[in-house]
Amino acid sequence: MPNPLKSGDLNNPDSILPNYFNQRSKSTFKYSICIFLSLLSINVLAQKINAKYELNIKPATSEIKIDGDVNEQAWNDAELASNFFMVQPMDTSFAKLKTDVKMTYDKDHLYIIAICYHEPGPYFVESLRRDFAFGKNDNFLIFMDPFNDLTNGFSFGTNAAGAQWDGIMYDGSKVDLSWDNKWTSAVKNYPDRYVFEAAIPFKSIRYKQGITRWGINFSRMDLKSSEKSSWTPIPRQFATASLGYTGSLVWDQPPPVPGQNISVIPYVLGGISNNHLTSPIHRDDRGEIGGDIKIAINSSLNLDLTVNPDYSQVEVDRQVPNLDRFELFFPERRQYFLENGDLFANFGYQNIRPFFSRRIGLGVPIQYGARLSGKLNKDLRISVMNMQTENSGASDPAQNFGVIALQRRVFARSSISAIVINKQSLNFSAANAAVGVSKYNRVAGLEYNLASANNTWTGKAVTMKSFSPNKRGKDMMQAANLRYWTGNWDLNWQHEYVGTNYNAEVGYVPRRGYVNLSPSASYLFFPKGGRLVSHGPKFFSSNYLNESFKPTDNTNYIAYSLNFRTRATFTAWTAHDYVKLLQPFDPTNAGIATLPTGSEHSWNSFGTEFVSRPQSLYTFSFSTRYGGYYADGTRLNVTTEFGYRFQPYVSFALSSSYNDIKLPNPWNNRKFWLVGPRLDVTMTNKLFFTGFVQYNEQSDNINVNTRVQWRYKPASDIFIVYTDNYIPSPFSVKNRFLVLKMTYWWNI
């Protein structure tokens, strides 16, 4: 849904609150702790929900060729998993479409074959690009829980055109698609079905030796019938990736112990860049080497080393209009920080993150780094990372970043985690201090994640303390949320407190010195027939107060959503906002003038959002917002995205955002566009081209980014990346970059 909130508000309303300065807040904190303690016992001794669903696996009785044909004797002898359950649009019957799955193994590989029957007619896919969007493709996925802990695992799969999907699973149902590994697959299409066949090396996954029962589930999405199905029954409000609802893969003997597992992934790079804003034009030539080393300490613990890492092939950030009072958030895109990074990244909440990896090495070269991550035993996970940056001047001295996180599983699916983060400036000098660089910054804290066995109750309680030179007192944050989620009701309470001196320099905390109370509630009706699969209202309230409990701003938001059987959605909403500015603010962010600190503003607004059915080759979505704005002004925003695909080879999208802001002098009427056409061409599932243009009228810039990727061997790539930045008027070049990079995955 559209976000009518200021960036200081939570985009994902989930939180409760202690204030560390008065007895009233202490009572609130004690009350919230009592709630969590009372919930600790929920399903503590619960058995695995779908334990009776078992698939027995035994060694392959013949050699298997990965070609999408079910003609080997090994497949005739393997046990069958069938009779899938429908998850959406309803969860009260077996699936209408038949899916058959078999698994087997040898000393090196785990094999799977899936026969996915469908109604006559073409399948629906976006492209041949790896790690496709689940809801926009006919696909088959497997979810594995090798530790049978209902929390962590691996996912593999394909869409109907053969594009691969793989990722690491965490938090019970989330999939980190930045994880890439070596495995092979093939898809063969027939008029009434497609067949997916894959071989997954045991070296590519982590599992505890000696365990003979893994959690397992299979998921199927068929857009033609709008049916999502699962081998085990899953309530429709939960993802089919929910490890709490897996069945069991029963081994006839413990899986083979993988041998030595060391991978060396070097790269070589050449590039040029021209700065056209200088006279004469300044040119830089680049020539670099570096790489990564992956060492499996054992079957469940991995060491990753990197030397002189380069991320020039990473896609540019998608720009957004900036009308916020606080720092915008842009997600991490560098694979080294994303892979196995969930233990670090999941601490805190969306706008109070103690660790944010984009603080490391953006604009400053990284010399080397190391990360140890994985399982110490079934219940204990660890992740340790150390990164060293170069000395790039007084404002960017050489710095060391260290972080360690431990997570202990407790009860059915809950966990307790601890984290310590250290940022240290090396050879610190007076020149560093003069430009505002700190000698050190440290953050430490604890987090409890609640997840009941059936996923109905979830929540989090987190507390952090920072340590910085010359900053004492009011240097803590505490937040918690509790969510109750059934098929109809979705109720959530969240609070958070961030002290004025809480300083997480390696985190993302755009706002400090506040208390926030954020309840939300929604209800879904499920008609028995008709075009709608569900519909219902949602209420959300975000209330910011200063540390003296005096209101500074709030948002009250009411929406009504319609979810169609075709998977199209429509939402209408209305909201009331109140803001008391804590610092001067330019409501256009154009540098014209600022509204004074302490000025008060309130307004009403309304809007809509629509997303079309993903089955169409032509797709369309829009969001609108109209209403009041700062200084008794008005703001109109219209955001659209058009898409068309020539499946499975070409996908084109055109996104746009238009803002029309009417304010008194000196701002007057301000209008600006942000337009971003994008072209994706997947010649094969190994050769890709992406072209992306962004015209941002607010920042007076045109960015052009093109990338060619050739996966010439499994997990080995050649990239050609070309980037331009232009001044729109008069049209002229700012700078240009061209990079050629080659990586190779070498198993020792």
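Here the structure is a predicted model, which means the values were calculated and not measured.

Chemist: Help me understand the packing of aromatic side chains, please; the structure alone is not making it clear to me.
Modeler: Pairs of aromatic rings are described using the distance from one ring centre to the other and the angle between the two planes. According to the stated counting rule, one finds 40 aromatic pairs in the structure shown. Ring centres of Phe 156 and Trp 183 lie 5.1 Å apart, and the angle between their planes is 75°; this geometry places the pair in the edge-to-face category. One end of the pair, Phe 156, is in strand E7 (residues 153–159); the other, Trp 183, is in the loop between strand E9 (174–176) and strand E10 (184–190), and 27 residues separate them in sequence. Classification of Trp 183 by relative accessible area gives buried; the value is 5%. Each member of the aromatic cluster is reached from another via a ring pair, and the members are Tyr 53, Phe 85, Phe 94, Phe 140, Phe 196, Phe 218 and Trp 231. Stacked on the ring of Tyr 311, the Lys or Arg Arg 334 has its end atom at 5.4 Å from the ring centre. Just above the ring of Tyr 544 sits the side chain of Arg 511; from NZ or CZ to the centre is 4.1 Å.

Chemist: Got a minute to help me understand the environment of Asn 659 in this structure?
Modeler: Along the chain, Asn 659 falls in strand E33 (residues 650–662). Look at Asn 659 and you get buried, because its relative accessible area is 0%. When the C-alpha atoms of Asn 659 and Leu 674 are compared, they prove to be 8.8 Å apart, with 15 residues separating the residues in sequence. Contact partners of Asn 659, with chain neighbours within four places excluded, come to Pro 321, Leu 323, Arg 635, Leu 636, Asn 637, Arg 670, Lys 671 and Phe 672. Within the local environment of Asn 659, its side chain forms a polar contact with the side chain of Asn 637, the two groups lying 3.5 Å apart.

Chemist: Whenever I open this one, a nonpolar patch on the surface confuses me. Can you help?
Modeler: Taken together, the side chains of Leu 617, Tyr 618, Phe 642, Tyr 644 and Phe 646 define a hydrophobic patch exposed on the protein surface, amounting to about 470 Å² of accessible area. No other element matches strand E32 (residues 634–646), which puts 3 residues into the nonpolar patch. The residue Leu 617 is located in the loop between strand E30 (600–611) and strand E31 (618–628) in this model. For Leu 617, a relative accessible area of 35% translates into the label partly exposed.

Chemist: Where do I start with the pairing of strand E25 (residues 489–498) in this structure?
Modeler: Most of E25 sits out of view: 7 of its 10 residues are buried. In terms of strand pairing, strand E24 (residues 476–485) meets E25 through 9 bridges, oriented antiparallel. Directly across from Met 477, in E25, lies its bridge partner Val 498. Joining the antiparallel neighbours E24 and E25 is a turn of 3 residues. As judged from the 10 bridges shared by E25 and strand E26 (residues 514–523), these two strands associate in the antiparallel manner. Across the sheet, Glu 496 pairs through a bridge with Asn 516, a residue of E26.

Chemist: I'm lost on unusual backbone geometry in this one. Help?
Modeler: The residue after Asn 665, namely Pro 666, is reached through a cis peptide bond having omega 5°. Within the secondary structure layout, Pro 666 lies in the loop between E33 and strand E34 (669–684). That bond from Ser 729 to Pro 730 is cis: its omega, -5°, falls within 30 degrees of zero. Along the chain, Pro 730 turns up in the loop between strand E37 (716–727) and strand E38 (732–743). You will see that Leu 150, though not glycine, has its phi angle at about 65°, which is positive. Relative to the helices and strands, Leu 150 resides in the loop between strand E6 (139–145) and E7. A relative accessible area of 11% means that Leu 150 is categorised as buried. Phi at Asp 171 takes a positive value of approximately 55°, unusual for a residue other than glycine. Counting through the fold element by element, Asp 171 comes out in the loop between strand E8 (164–170) and E9.

Chemist: What exactly am I supposed to notice about the side chain of Asp 724 here?
Modeler: Mapped onto the elements of the fold, Asp 724 is located in strand E37. A relative accessible area of 2% places Asp 724 in the buried class. At 2.4 Å, the side chain of Asp 724 forms a polar contact with the side chain of Tyr 726. Within the structure, the side chain of Asp 724 is placed 3.1 Å from the side chain of Arg 736, a separation counted as a polar contact. Residues in contact with Asp 724, not counting those within four places in the same chain, are Ile 702, Asn 703, Val 704, Asn 735 and Arg 736.

Chemist: What exactly am I supposed to notice about the sheet that holds E10 here?
Modeler: Pairing is antiparallel in the open sheet, where 5 strands are placed in the order E2-E4-E5-E11-E10. Pairing within the sheet leaves two strands with one partner each, and these edge strands are strand E2 (80–81) and E10.

Parameters at a glance
Residues numbered from 1 in each chain as written. Predicted model: local features only at pLDDT ≥ 70, side-chain atom pairs only at ≥ 80, totals over all residues. Heavy atoms only, no water. Phe/Tyr/Trp six-rings, centres within 6.5 Å; stacked < 30°, edge-to-face > 60°. Helix = DSSP H or I, 4+ residues; strand = E, 2+ residues; numbered from the N terminus. Buried < 20%, exposed > 50% of the residue type's maximum accessible area, 1.4 Å probe, protein only. Lys NZ or Arg CZ within 6 Å of the ring centre and 35° of its normal. Contact = heavy atoms within 4.5 Å. Polar contact = N/O pair within 3.5 Å; in protein donor to acceptor, adjacent residues only side chain to side chain. Patch = residues over 30% accessible without salt bridge, like charges linked within 9 Å, V, L, I, M, F, W, Y side chains within 5 Å. Areas by Shrake-Rupley, 256 points an atom, 1.4 Å probe, with all protein chains shown as cover. Salt bridge = Lys/Arg side-chain N within 4 Å of Asp/Glu carboxyl O. Pairing = 2+ DSSP bridges.

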